[in-house]
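# Architecture at a glance
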Amino acid sequence: MKRMVSGIKPTGELTLGNYLGAIQNFVRFQDDYELFLFVADLHALTTPQNKTVLRKRIKDVVAMYLACGLNPNKVTLFVQSEIPAHSQMSYLFESHSYVGELSRMTQYKDKIAKNTNDSMHVSLFTYPVLMAADILLYDADFVPVGDDQKQHVELTRTIAERFNHRHGDFFVVPEPIIPPLGARIMDLQEPTKKMSKSDISDKGFILLMDDLARTKNKIKSAVTDSDTVVRYDVKNKPGIANLLTIYALLSDSSIEALERKYASQSYQAFKSDLADVVEQTLAPIQAKYKEIITSPLVDQVLDEGLAKASDIAYKKVRKANQLLGLGRKR
Ligand code: ATP
Ligand code: LTN
């Protein structure tokens with residue numbers, strides 16, 4: 001079985017973007033791949049976190065993974081920081097990556113452009129190196145992610161190839177898997193910007209745990225355009241294109257079928273039906289989440305995941321140390 005690795009940062013409550021761009025696909029892949037999924041809590045530290053909130057969010061992410069349909073008997077779930085090999089391998093990779101290539105990462109460039117004072121953490125710069133460690137530690141064949149992470153997976157490939165070139169074949173060079181639809185769910189208020197859980201305004205994102213009446217209102221007040229036709233045109237009609245994408249993914253229908261269905265209907269009718277579809281998706285997830293978060297399941301699953309993942313990761317980093325001539329030969 002081919003192996004997949006992916007992670008989610010516990011930097012906020014999960015959004016419909018996380019669900020459609022990542023989690024829904026994990027659920028589909030779990031039968032055919034060996035899936036390693038983790039909560040990327042070390043990555044959360046790139047921006048300041050409140051420790052009580054962070055600790056709660058780590059478990060929330062796992063409960064949400066399970067509520068969305070991941071089967072703990074099939075998937076290995078763990079918390080990144082509980083496995084020191086991630087930080088250790090990341091340090092080794094700092095000596096296999098260049099300042100120039102990290103400076104070219106789009107996400108990093110966007111963050112420095114927004115940061116007006118001089119208070120950005122070094123970890124925001126080195127973050128893609130830690131991500132490479134997360135992936136390469138487990139010899140992943142594939143990395144299912146949203147569009148925003150493609151560049152980081154490409155850097156991961158570069159690091160793996162460089163390491164293999166210098167020290168002999170040691171890492172599997174992974175491939176990103178970006179969903180053809182839903183790789184970039186947009187903000188409902190600013191449909192040219194990614195829906196993000198760490199946004200300041202909450203009108204542009206839908207949280208998986210949002211109150212359902214509120215969710216419906218967010219869909220109904222999503223920004224569209226002054227045209228009247230429900231048509232998929234990302235460039236000229238980004239708001240409608242985004243809503244069509246969400247609708248298609250949640251109802252398992254094609255964009256074309258939806259365009260035909262709403263050809264002679266108003267935006268209002270289209271949005272109202274989509275609001276119902278979103279509600280029908282979220283209601284059972286929310287009910288399951290509430291059940292899981294109060295049960296011992298999350299800790300059980302994480303303990304099992306830790307045992308399995310740490311064994312693999314420890315061995316890999318130990319061998320990498322040996323290959324580099326670190327420590328004593330043992
Ligand atoms: P933030 O919004 O705080 O920057 P994030 O949601 O992008 O964080 P993660 O929670 O780590 O970061 O993302 C987990 C996965 O969800 C990644 O694979 C990411 O590409 C995907 N993802 C996040 N937002 C979207 C979105 N709007 N559309 C599609 N996929 C997304
Ligand atoms: N960088 C990703 C989260 C992440 C990840 C990973 C995804 C950290 N490590 C390894 C896939 C594989 C993000 O910000 N969304």
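Summarised in this report is the structure supplied together with it.

## A word on the site of ligand 1
- Residues in close proximity to ligand 1 total 21 residues, the closest being D148, K194, S196, K197 and S198.
- In the model, an oxygen atom of ligand 1 is placed 2.9 Å from a nitrogen or oxygen of the K9 main chain.
- Only β1 (3-8) and α1 (16-29) provide two or more residues apiece to the shell around ligand 1.
- The leading source of residues in the shell around ligand 1 is α1, at four residues.
- Considered class by class, the residues forming the shell around ligand 1 number six nonpolar, ten polar and five charged.

## So, the site of ligand 2
- In the region of ligand 2, 13 residues are neighbours, and K9, Y127, M131, D134 and Q149 sit closest.
- The contact in question runs from a nitrogen atom of ligand 2 to an N or O atom on the side chain of H43, over 3.5 Å.
- At 2.7 Å from a nitrogen atom of ligand 2 is found a side-chain nitrogen or oxygen belonging to D134.
- For the shell around ligand 2, the secondary-structure elements that each account for two or more residues are β1 and α7 (122-136).
- Tallying contributions element by element places α7 first for the shell around ligand 2, with four residues.
- When the residues that make up the shell around ligand 2 are grouped by side-chain class, the tally is seven nonpolar, four polar and two charged.

## Quick look at the side chain of H43
- With respect to the element layout, H43 can be found in helix α2 (residues 41-44).
- In this structure the side chain of H43 is engaged in a polar contact, spanning 2.8 Å, whose partner is the side chain of D134.
- With residues near it in sequence (within four places) discarded, H43 still touches K9, Q80, Y127, L130, M131 and D134.

## Re the packing of aromatic side chains
- In this structure the tally under the stated criterion is 15 aromatic pairs.
- Residues F78 and Y138 carry aromatic rings whose centres are separated by 5.5 Å and whose planes lie at 45° to one another, so their mutual orientation is tilted. Linking F78 in strand β3 (residues 76-79) with Y138 in the loop between α7 and β4 (142-144), this pair joins segments that are 60 residues apart in sequence.
- Members of the aromatic cluster, joined through ring pairs, are F36, F38, F78 and Y138.
- Lying over the aromatic face of F170, K316 brings its terminal NZ or CZ to 3.9 Å of the ring centre.

## Details of the environment of D202
- For D202, the location among the structural elements is in the loop between β5 (175-177) and α9 (212-220).
- For D202, a relative accessible area of 31% puts it in the partly exposed group.
- C-alpha of D202 to C-alpha of L124: the two residues are 78 residues apart in sequence and 24 Å apart in space.
- Look past the residues within four positions of D202 in its chain and what remains in contact with it is R214 and K218.
- Only 2.4 Å separates the side chain of D202 from the side chain of R214, close enough to count as a polar contact.

## Let's talk about the packing of α9 against helix α12 (residues 267-293)
- One can describe the packing of α9 onto α12 by two numbers: an axis separation of 9 Å at closest approach and a directional angle of 150°. Taken together, the axis directions place α9 and α12 in an arrangement best described as roughly antiparallel. Considering how the two elements wind past one another, α9 and α12 form a crossing that is right-handed. Residues L212, T215, K216, I219 and K220 of α9 pack against K271, S272, L274, A275, D276, V278, E279, L282, A283 and Q286 of α12.
- Looking at the contact of α9 with α12 residue by residue, the classes come out as seven nonpolar, three polar and five charged.

How each quantity is defined
Residues numbered from 1 in each chain as written. Chains lettered and ligands numbered in written order. Predicted model: local features only at pLDDT ≥ 70, side-chain atom pairs only at ≥ 80, totals over all residues. Heavy atoms only, no water. Near = heavy atom within 4 Å. Polar contact = N/O pair within 3.5 Å; in protein donor to acceptor, adjacent residues only side chain to side chain. Helix = DSSP H or I, 4+ residues; strand = E, 2+ residues; numbered from the N terminus. Nonpolar A, V, L, I, M, F, W, Y, C, P; charged D, E, K, R; others polar. Contact = heavy atoms within 4.5 Å. Phe/Tyr/Trp six-rings, centres within 6.5 Å; stacked < 30°, edge-to-face > 60°. Lys NZ or Arg CZ within 6 Å of the ring centre and 35° of its normal. Buried < 20%, exposed > 50% of the residue type's maximum accessible area, 1.4 Å probe, protein only. Axes fitted to C-alpha atoms, helices over the stretch in contact; angles between N-to-C directions. Parallel < 35°, antiparallel > 145°, perpendicular 65-115°, else oblique. Left-handed = near helix turned anticlockwise from the far one by under 90°.

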